[in-house]
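# Structural overview
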Amino acid sequence: MPERIKNIVQMMEEIAPPYLAEEWDNVGFQIGDINQLIDKAMICLEVTDAVIDEAIAKGVGLIISHHPLIFRPIRNIRMQDPTGKMIFRLIQHRIGLYCAHTNLDSVLGGVNDVLATILEIKDTIPLNNTRFEKYFKLIVFVPHSHVEGVRDAMCRAGGGHIGNYSHCTFQTEGIGTFKPLEGTNPFIGKQGVIEKTPEVRMEIIVPKEKLDAVVQEMIQAHPYEEVAYDVIPLDNAVNRHGLGRVGKFKKPLSLFQLCQKLKEKLGTASIKFVGDPDKQVQKVGLCGGSGGEFIQEALNCGCDCYITGDIKYHDAQYALHTGIALIDAGHLETEQIICADLARRLEEAVQAHRYDLQILLSQTNINPFQVL
Ligand SMILES: [Zn+2]
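Thresholds applied
Residues numbered from 1 in each chain as written. Predicted model: local features only at pLDDT ≥ 70, side-chain atom pairs only at ≥ 80, totals over all residues. Heavy atoms only, no water. Pairing = 2+ DSSP bridges. Helix = DSSP H or I, 4+ residues; strand = E, 2+ residues; numbered from the N terminus. Axes fitted to C-alpha atoms, helices over the stretch in contact; angles between N-to-C directions. Contact = heavy atoms within 4.5 Å. Domains from an automatic or database assignment. Buried area = accessible area lost by both parts, 1.4 Å probe. Salt bridge = Lys/Arg side-chain N within 4 Å of Asp/Glu carboxyl O. Nonpolar A, V, L, I, M, F, W, Y, C, P; charged D, E, K, R; others polar. Donors = N, O, S within 2.8 Å, 3.2 Å for Na, K, Ca; no water. Tetrahedral: all angles 85-135°; square planar, octahedral: opposite > 155°, others 65-115°. Buried < 20%, exposed > 50% of the residue type's maximum accessible area, 1.4 Å probe, protein only. Parallel < 35°, antiparallel > 145°, perpendicular 65-115°, else oblique.

## Some points on the sheet that holds strand E7 (residues 122–132)
Hydrogen bonds between backbone groups are what pair the strands of a sheet, and the pairing can be parallel or antiparallel. Pairing is mixed across the open sheet formed by six strands, whose spatial order is E7-E12-E14-E15-E16-E13. With partners counted over all chains shown, the strands left at the sheet margins are E7 and strand E13 (272–274), one partner each. Strand-to-strand, the axes of this sheet are offset by a mean angle of 25°, without reference to chain direction. In this structure, strand E15 (residues 305–309) lies alongside strand E16 (residues 325–328), joined through four bridges in parallel fashion. The partner of Tyr306 across the bridge, within E16, is Leu326. Its contacts with the sheet place helix H5 (residues 111–118) against E7, strand E12 (240–254) and strand E14 (280–290), and it is angled at close to 145° to E14. Contacting E12, E13, E14, E15 and E16, helix H8 (residues 255–266) runs over the sheet at an angle of about 120° to E12.

Written as structure tokens, this is what we have:
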């Protein structure tokens, strides 16, 4: 049975919540019918005409792209304009489009974490625009018969996620007491009699954005007429999202060795760098894609080197003057690593949901540059 685009969008939004996108960005479901049934979704960094050709040839119903196709407001959709033509063709061939851009950059486990992991950079924290996700603790008292159902409902609605772990709850046994008053229709006990019943106190953490949904689902799955639960705001930030990352190598390496490592790990044809090739690098800042604007932040963090793409000439001159080493490993090269990782994570989510959906990784070369 094919799957609704809506359900794939939901899986994507769990991986990269849209509220983490920068204000100037345009992310989410951009083109198509959210209720359309599809059996293949394809991941790419960027939508091009060749990527659309590939999607048509492979019978893909949804393209998931990192770069948004619709970025600035559009006034018309015409075949004679490059963006217009792509939008037109996607609609013509009933191919939906979903984009996860700066939300996928900022989220824990997103573009920058994948880049840091590939380079074996440890103890990373965000480089810029750090956002602390506000969390709540939800405590609910459940009879034994409904423990699994209530847990499942709360986790499905977005509770109980810590890092890469789902279904994180804690439960203790106890005795609940209550006296059903006149006009009630109790699940357990009789009107006017104090009832003592074994219950489980279940605790779960919930991000602020999911709190209403989790409480609603919990009440739906709970058998009691009046559900007893507490919502407590937490002061300990559980997740820190943000643009770019700062971290450390276990052992220092020379700038030259780091360039070689990047070339090898990212499979790039060429790398540009600024600084003494023998400079020892241990603390490093990085930002996949076009991160030239964060050189100052990397300097402020005391980084020996900053890795990104699209570095401008004058920014390189500035870095040389301040002493921070720079590596321009390419916009596309520092970001395309996310595609395979995203495919793997979506595949896991598809299996967990038992969806009948194939996740493909685009094989089209989208690099506009050639190197001589
Ligand atoms: Zn990019």
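## Concerning the domain arrangement of the protein chain
When its domains are assigned, the protein chain resolves into domain 1 (3–100 + 336–361), domain 2 (108–130 + 243–335) and domain 3 (134–233). Contact with domain 1, which involves ten residues of that partner, is made by 14 residues of domain 2. Counting the surface lost from both domain 1 and domain 2, the interface buries some 1000 Å², and carbon and sulfur atoms represent 57% of this. At the junction of domain 1 and domain 2, the tally comes to zero salt bridges. Along the lines of polarity and charge, the residues of the side of domain 1 that touches domain 2 split into four nonpolar, three polar and three charged.

## A look at the coordination of the zinc ion
Taken together, the protein donors to the zinc ion comprise His67 (NE2), His331 (NE2), Glu335 (OE) and Glu335 (OE), at separations of 2.1 to 2.5 Å. Each of the four donor atoms around the zinc ion contributes to a set of angles spanning 55 to 129°, which defines the coordination as irregular. Sequence positions of the donors to the zinc ion reduce to the motif H-x263-H-x3-E. Here Glu335 lies in helix H11 (residues 331–335) and His67 lies in the loop between strand E5 (62–65) and helix H3 (82–92), a separation of 268 residues in the sequence. Of the two residues, His67 and Glu335, both sit in the buried class.

## Re the packing of H5 against helix H12 (residues 337–353)
In contact at an axis separation of 9 Å, H5 and H12 are set at 105° when each is read in the N-to-C sense. In terms of their interaxial angle, H5 and H12 are classed as roughly perpendicular. Every residue of H12 that contacts H5 at Val111, Val114, Leu115 and Ile118 is listed here: Ile337, Ile338 and Asp341.

## Re the pattern of salt bridges
Counted by the stated rule, this structure contains eleven salt bridges. Here Asp49 and Arg89 are joined by a salt bridge, their closest N and O atoms 2.8 Å apart. Taken together, the residues Asp49 in helix H2 (residues 49–58) and Arg89 in helix H3 connect sequence positions 40 residues apart. For Arg89, a relative accessible area of 13% corresponds to the buried category.

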